[in-house]
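# Notes for the structure review
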Amino acid sequence: METSLRLRDGGGLRIHAKEKLPLGYNSLLQAHGEIDATTAGAAAPSYLALFVRQFYPKLSANVGVGVQLHNGDDLTYSLRTKKALPFTSNGLLGLNLKGRLFTDKELNPRKRTGAVELAWTVLDFRKGQDVRLKLGYELYDKVPYLQLRENNWTLNAYMDGKWDVRFDM
């Protein structure tokens, strides 16, 4: 199980857990859960999600469908896609195209997200230290962003003033 601590601007500290279970060739079941660590006493999960993801390695793409429950709201369905377009043969520099569609229980669209990212990975930036830099643009919200990842630490900064930090344990 993958666990992380996440701190968001104005959102407090959260404990996030993710488990991936193989379903078959290039497919998996992915479960997420999150607890808001800033609430006193026994906290109920603030986020629960279950996705089935299918990977297409020859296309450098994947598709996922699932359900999620956020802060006790109504159940939401989600469809997500990602396509990588490598610029180099080793895949360390490339362009990512991402999209998501969230619907309500009646499958009426509630929210769309889409992004274009330039991603650059530097292996062994220093001995034992890998660094990844992403410069992206969220198409629907029209917000540029930056992601800097160093081994277990990730910093996301958005040009609308929002930010978050993640530590993978």
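Residues numbered from 1 in each chain as written. Predicted model: local features only at pLDDT ≥ 70, side-chain atom pairs only at ≥ 80, totals over all residues. Heavy atoms only, no water.

Just so we agree on the cut-off: UniProt positions are given in the numbering used here, feature names are shortened, and annotations may be inferred rather than shown by experiment.
Per an unreviewed UniProt entry, the chain goes by the name Outer envelope pore protein 21, chloroplastic and belongs to Urochloa decumbens. The record held by UniProt for the chain lists under Sequence similarities (unreviewed entry) the comment "Belongs to the plastid outer envelope porin OEP21 (TC 1.B.29) family."

## Some thoughts on the pattern of salt bridges
Cut-off, in case you're wondering: A side-chain nitrogen of Lys or Arg and a carboxyl oxygen of Asp or Glu constitute a salt bridge if their distance falls within 4 Å. Secondary structure counts use DSSP, requiring at least four H or I residues in a row for a helix and at least two E residues in a row for a strand, with both numbered from the N terminus. In this scheme, a residue with accessible area under 20% of its type's maximum is buried, one over 50% is exposed, and one in between is partly exposed, where area comes from a 1.4 Å probe on protein chains only.
Summed over all chains, the structure comprises seven salt bridges. Taking the shortest distance from any N to any O, the salt bridge between Arg-14 and Glu-34 comes out at 2.9 Å. Taken as a pair, Arg-14 in strand S2 (residues 12–24) and Glu-34 in strand S3 (residues 27–36) lie far apart in primary sequence, 20 residues in all. A relative accessible area of 8% means that Arg-14 is categorised as buried. Residue Glu-34 is classed as buried on the basis of its relative accessible area, which comes to 7%.

## Quick word on the side chain of Glu-138
As a reminder of what qualifies: In this charge count, Lys and Arg are treated as positive and Asp and Glu as negative; neither His nor the chain ends contribute. Side-chain atoms alone can form a polar contact between residues adjacent in sequence; in general such a contact is a pair of N or O atoms within 3.5 Å, and within protein one must be able to donate a hydrogen while the other accepts it.
Looking at the secondary structure, you find Glu-138 in strand S9 (residues 129–138). Comment: no salt bridge for buried Glu-138; closest opposite-charge side chain is Lys-111, at 7.4 Å. Looking at Glu-138, its side chain comes within polar contact range of the main-chain nitrogen of Gly-114, at 2.7 Å.

## Describing the sheet that holds strand S4 (residues 45–56)
Threshold: Two strands qualify as a pair provided DSSP detects at least 2 bridges between them. Angular values range over 0 to 180 degrees, each being the angle between N-to-C directions of two axes fitted as lines to C-alpha atoms, with helices fitted over their stretch in contact.
One closed barrel accounts for 12 strands, arranged S1-S2-S3-S4-S5-S6-S7-S8-S9-S10-S11-S12; its pairing is antiparallel. Averaged over all pairs of adjacent strands, the angle between strand axes in this sheet comes to 20 degrees, irrespective of strand direction. Pairing of strand S5 (residues 61–70) with strand S6 (residues 76–86) involves eight bridges; the strand directions are antiparallel. Paired with Asn-62 across the strands is Lys-82, a residue of S6.

## Concerning the side chain of Lys-134
What counts, and what does not: In what follows, a contact means two residues having at least one pair of non-hydrogen atoms within 4.5 Å.
Mapped onto the secondary structure, Lys-134 falls in strand S9. Overall, Lys-134 belongs to the buried group, its relative accessible area being 9%. Every residue in contact with Lys-134, bar those within four places of it in the chain, is listed here: Asn-96, Glu-117, Leu-118, Ala-119, Tyr-145, Leu-146 and Gln-147.

## Topic: unusual backbone geometry
In this structure, Asn-26 is a non-glycine residue whose phi angle is positive, near 55 degrees. Checked against the element boundaries, Asn-26 lands in the loop between S2 and S3. Backbone geometry at Lys-142 places phi at a positive 55 degrees, although glycine is not the residue there. Residue placement: Lys-142 occurs in the loop between S9 and strand S10 (143–150).

## Quick look at the environment of Thr-113
Within the secondary structure, Thr-113 is located in strand S8 (residues 109–126). Expressed as a C-alpha distance, the spacing of Thr-113 and Gly-99, which sit 14 residues apart in the sequence, is 5.6 Å.

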